[in-house]
Amino acid sequence: MSGCSPTPPDERSQINATPNPTNSVNPAKKDKKVILTTFTVIADMGQNVAGDKAIVESIVKPGSEIHGYEPTPSDLVRAQKADLILDNGLNLERWAEKFYNNIPKVSHITLSQGVQPVEVAEDAYKGKPNPHAWMSPQNALTYVENIRKALVDLDPVNADTYKTNAQAYSQKIKEIDQKLRKELSVVPPEKRYIVSCEGAFSYISRDYGLKEVYLWAVNSEQQATPKQVEKVINTVKANKIPVVFCESTVNDDAQRQVAKETGAKFGGVFYVDSLSKPDGPAPTYLKLLEHNVTTLIKGLQRK
């Protein structure tokens, strides 16, 4: 991609969103800014806005859990050489503050700025902001604009390219937003439940009129407790919910138990905290959204 003719997002992001430590020291790329992100989803967003004018890499690898990630010494070395770090904020990266203290000269930008937080309703994180704001396409537009502003501030020479890329990428996100609204409109309101392992769908539930049910509010190191499983079983039975789901980065045994004891179908996995590998179902953020929308609607329409 060059100038004002953006390369299709999926083509760029599958190449650039995954971590590649050698990029930041490649002599042929020294003229480009190097941006690190805390996890793969926003790396993909960032690369779509940056195009070929900057290098965007994720600290956390595809398929990894982000909440309790433990940065490695090599992560710190890469970060020291970066021009900017993009994070999600909203207490997603519990390790970030300590990490940033070790790289005081490297600037960082929080992409959830401007998003209206949804508070966690229960468990240990009750009252704190739910960190999964990017899961709603509406919020993703705020992320894209924050990325554009950050890149323009860092590299004003390429401001026009960043603007063009951000506009093209935002349009694709808006198309998924419209698709989700259209497909949900044919699902009876009383059936619009999204049952997941983690409470990662609070924003998409708020923005699209869904009722959210989950085993635990925020990813934890331990498995679901019997009380959490019982709560979801009772809710699924009482509301005759036809399908339950889990997320790709956590163990789905508890949710499969819910399905078995309620007669609901286990509808598969959503991608939330991480993209899949390039040959998987969610190698880009746009593919992640499309996969989740298709999986959800297919499950809700089950007779």
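Refer to the structure above for everything that follows.
Residues numbered from 1 in each chain as written. Predicted model: local features only at pLDDT ≥ 70, side-chain atom pairs only at ≥ 80, totals over all residues. Heavy atoms only, no water.

1. Let's talk about the overall build of the protein chain
Counting its secondary structure elements, the protein chain contains 10 helices and eight strands. Residues counted as buried form 52% of the 303 residues belonging to the protein chain. Within the protein chain, counting contacts between residues at least 6 apart in sequence, those at least 24 apart form 65% of the total. A total of about 13,600 Å² of accessible surface is found on the protein chain, and carbon and sulfur atoms cover 49% of it. (Helix = DSSP H or I, 4+ residues; strand = E, 2+ residues; numbered from the N terminus. Buried < 20%, exposed > 50% of the residue type's maximum accessible area, 1.4 Å probe, protein only. Contact = heavy atoms within 4.5 Å. Areas by Shrake-Rupley, 256 points an atom, 1.4 Å probe, with all protein chains shown as cover.)

2. What to know about the pattern of salt bridges
The full count for this structure, using the stated rule, is six salt bridges. The partner of aspartate 75 in a salt bridge is arginine 78, and the shortest N-O contact between them spans 4.0 Å. Residue aspartate 75 and its partner arginine 78 are located together in helix α3 (residues 73-81), separated by three residues, close to a single helical turn. For arginine 78, a relative accessible area of 8% puts it in the buried group. Its salt-bridge partner being arginine 256, residue aspartate 252 comes within 3.3 Å of it at the nearest N-O pair. Taking relative accessible area as the criterion, aspartate 252 reaches 18% and is therefore assigned buried. Three or more residues are tied together by salt bridges with common partners; here these are Glu57, Asp75 and Arg78. (Salt bridge = Lys/Arg side-chain N within 4 Å of Asp/Glu carboxyl O.)

3. Considering the packing of aromatic side chains
Evaluated as defined, the whole model comprises six aromatic pairs. Feature note: the residues Tyr69, Trp95, Phe99 and Tyr100 constitute an aromatic cluster, connected by ring pairs. The residue whose ring lies beneath lysine 211 is tyrosine 193, and the NZ or CZ to ring-centre distance is 5.3 Å. Geometry around phenylalanine 266 places arginine 256 over its ring, the cationic atom sitting 4.0 Å from the centre. (Phe/Tyr/Trp six-rings, centres within 6.5 Å; stacked < 30°, edge-to-face > 60°. Lys NZ or Arg CZ within 6 Å of the ring centre and 35° of its normal.)

4. Focus: the environment of leucine 288
By secondary structure assignment, the location of leucine 288 is in helix α10 (residues 285-300). For the pair leucine 288 and serine 274, spaced 14 residues apart in sequence, the C-alpha separation works out to 9.0 Å. Those residues in contact with leucine 288 that lie beyond four places of it in its chain are Val41, Met135, Tyr271, Val272, Ser274, Leu275 and Ala282.

5. Points about the state of the cysteines
Applying the stated rule across the entire model yields one disulfide. The disulfide partner of cysteine 197 is cysteine 246, and the gap between their sulfur atoms is 2.0 Å. The sign of the S-S torsion, about -115°, decides the handedness of the disulfide formed by cysteine 197 and cysteine 246: left-handed. Taken together, the residues cysteine 197 in strand β5 (residues 193-198) and cysteine 246 in strand β7 (residues 243-247) connect sequence positions 49 residues apart. Each member of the pair cysteine 197 and cysteine 246 is classed as buried. (Disulfide = S-S within 2.5 Å.)

6. Regarding α10
In this model, α10 (16 residues) spans 22 Å end to end at C-alpha, consistent with the 22 Å of a helix rising 1.5 Å per residue. Burial in α10 covers these residues: Tyr285, Leu286, Leu288, Leu289, Asn292, Val293, Thr295, Leu296, Ile297, Gly299 and Leu300. (Expected span 1.5 Å × (residues − 1).)

7. Looking at the sheet that holds strand β2 (residues 54-58)
If you trace the four strands from one edge of the open sheet to the other, you get β2-β1-β3-β4, paired in parallel fashion. What marks the edges here is a single partner per strand, and that holds for β2 and β4 (108-110). Neighbour to neighbour, the strand axes of the sheet diverge by 25° on average, direction disregarded. Examined bridge by bridge, strand β1 (residues 33-37) and β2 share five bridges and lie parallel to one another. When the bridges of β2 are listed, lysine 33 appears paired with alanine 54. Of the strands in this sheet, β1, β3 (84-87) and β4 are in contact with helix α5 (residues 137-154), which crosses β3 at around 170°. (Pairing = 2+ DSSP bridges. Axes fitted to C-alpha atoms, helices over the stretch in contact; angles between N-to-C directions.)

8. Looking at the packing of helix α6 (residues 159-184) against α10
Look at α6 against α10: their axes get within 11 Å of each other, and the N-to-C directions meet at 5°. Comparing the axis directions of α6 and α10 gives the class roughly parallel. Two secondary-structure elements touch here, α6 through Tyr169, Lys172, Ile173, Ile176, Lys179, Leu180, Glu183 and Leu184 and α10 through Tyr285, Leu286, Leu289, Glu290, Val293, Thr294, Ile297 and Leu300. (Parallel < 35°, antiparallel > 145°, perpendicular 65-115°, else oblique.)

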